[in-house]
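Remarks on the overall topology
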Amino acid sequence: MAEVRAARDRGSMAFAETCPQYLFLSLDDLGNGFEGAKFVCSPPLRPKSHWDDLWRGLVKDDLQAVSTDHCPFDFHGQKDLGKGDFRKVPNGLPGVEDRVDLMHDGGVVGGRISKERWVDVISTAPAKLFGMFPRKGSISVGADADLLVYDPNRRRTISAKTHHMDVDYSCYEGREVQGASDVVLSRGSVIVRDGQFTGRKGHGRFVKRSAADYARLA
């Protein structure tokens, strides 16, 4: 992040993301024997002391997006291939389902970022970087009507027992978060209501990216 900041200060069109695991997990999670295989990813997790710097980077726009590559390898049958040889542990963490709520809880509720910045780093900025704005990442006339009705006060506990991801563990097992979606709309159609999928097969539509004006010099 320091190198990205230095490049941006020089006027370079440099951009960077972080992921939830670097804001909420640390080297401590890699302990506890082979259970640590659940947290093997690249870049590897860092000490907790890095968290504040990354949050500060999000506030100051040194980091522009919070994303996840979402690598849902099961612990049993996949991650455990590395027993006896850590090099064989499949690399990556599952986390796409919890990204928005983690960022609301740790960022907005935690007093680290504003509601507006939360929306920017999880939605608007990625759409701009991928040349999909304003069709995506915008509530405006002509946009795709991808809308989220969000309850900022609802509390829930993250668990593999209740998540919808096709993976047998959660990196955030037992963590309580404040904030959850009530209704999710895709192109104006309700696809999730109260945590249950209500969409239909075939509704998805490929969106071809274009040149990102966001990343061009004027």
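Right above here is the structure, for reference.
Residues numbered from 1 in each chain as written. Predicted model: local features only at pLDDT ≥ 70, side-chain atom pairs only at ≥ 80, totals over all residues. Heavy atoms only, no water.

The next thing to look at is the overall build of the chain. Within the chain, the regular secondary structure consists of five helices and six strands. The order of α-helices and β-strands along the chain, N terminus first, is α-β-α-α-β-α-α-β-β-β-β. Expected size for 218 residues packed as a compact globule is a radius of gyration near 17 Å; at 18 Å, the chain falls within 12% of this value. Summarising its shape, the C-alpha atoms of the chain cover approximately 55 × 50 × 35 Å along the three principal directions. (Helix = DSSP H or I, 4+ residues; strand = E, 2+ residues; numbered from the N terminus. Rg over C-alpha atoms; globule rule 2.2 N^0.38 Å.)

Turning to its location among the elements, Lys 136 is positioned in the loop between helix H5 (115-129) and strand S3 (147-157). In terms of polar contacts, Lys 136 uses its side chain to reach the side chain of Asp 144, at 3.0 Å. At a separation of 2.7 Å, a polar atom in the side chain of Lys 136 contacts the side chain of Asp 146. Residues contacting Lys 136, with those up to four places away along its chain left out, are Ala 127, Asp 144, Asp 146 and Val 207. (Polar contact = N/O pair within 3.5 Å; in protein donor to acceptor, adjacent residues only side chain to side chain. Contact = heavy atoms within 4.5 Å.)

What follows covers helix H3 (residues 51-59). Of the residues making up H3, those classed as buried are Leu 54, Trp 55, Gly 57 and Leu 58. Summarising the axial view, the buried residues of H3 lie within an arc of 155 degrees, below the 170-degree limit, and thus occupy one face. Lining the buried residues of H3 we find strand S1 (17-18), helix H2 (21-24), strand S2 (65-66), helix H4 (99-109) and H5. Asp 61 sits one or two positions beyond H3 and adopts a positive phi of about 70 degrees. (Buried < 20%, exposed > 50% of the residue type's maximum accessible area, 1.4 Å probe, protein only. Arc of directions from axis to C-beta.)

Moving on: the sheet that holds S3. Strand order in this open sheet of four strands is S3-S4-S5-S6, and the pairing throughout is antiparallel. Taken across any chain shown, the strands that pair with only one partner, and hence form the sheet edges, are S3 and strand S6 (196-197). Where S3 meets strand S4 (residues 176-186), eight bridges bridge the pair, whose relative direction is antiparallel. Among the inter-strand pairings, Leu 147 is bridged to a residue of S4, identified as Leu 185. Contacts from H4 reach S3 and S4, with the element oriented near 130 degrees to S4. (Pairing = 2+ DSSP bridges. Axes fitted to C-alpha atoms, helices over the stretch in contact; angles between N-to-C directions.)

At the junction of Ser 42 and Pro 43, the peptide bond is cis and its omega measures out at -10 degrees in the coordinates. By the secondary structure assignment, Pro 43 is in the loop between H2 and H3. In this structure, Asn 32 is a non-glycine residue whose phi angle is positive, near 60 degrees.

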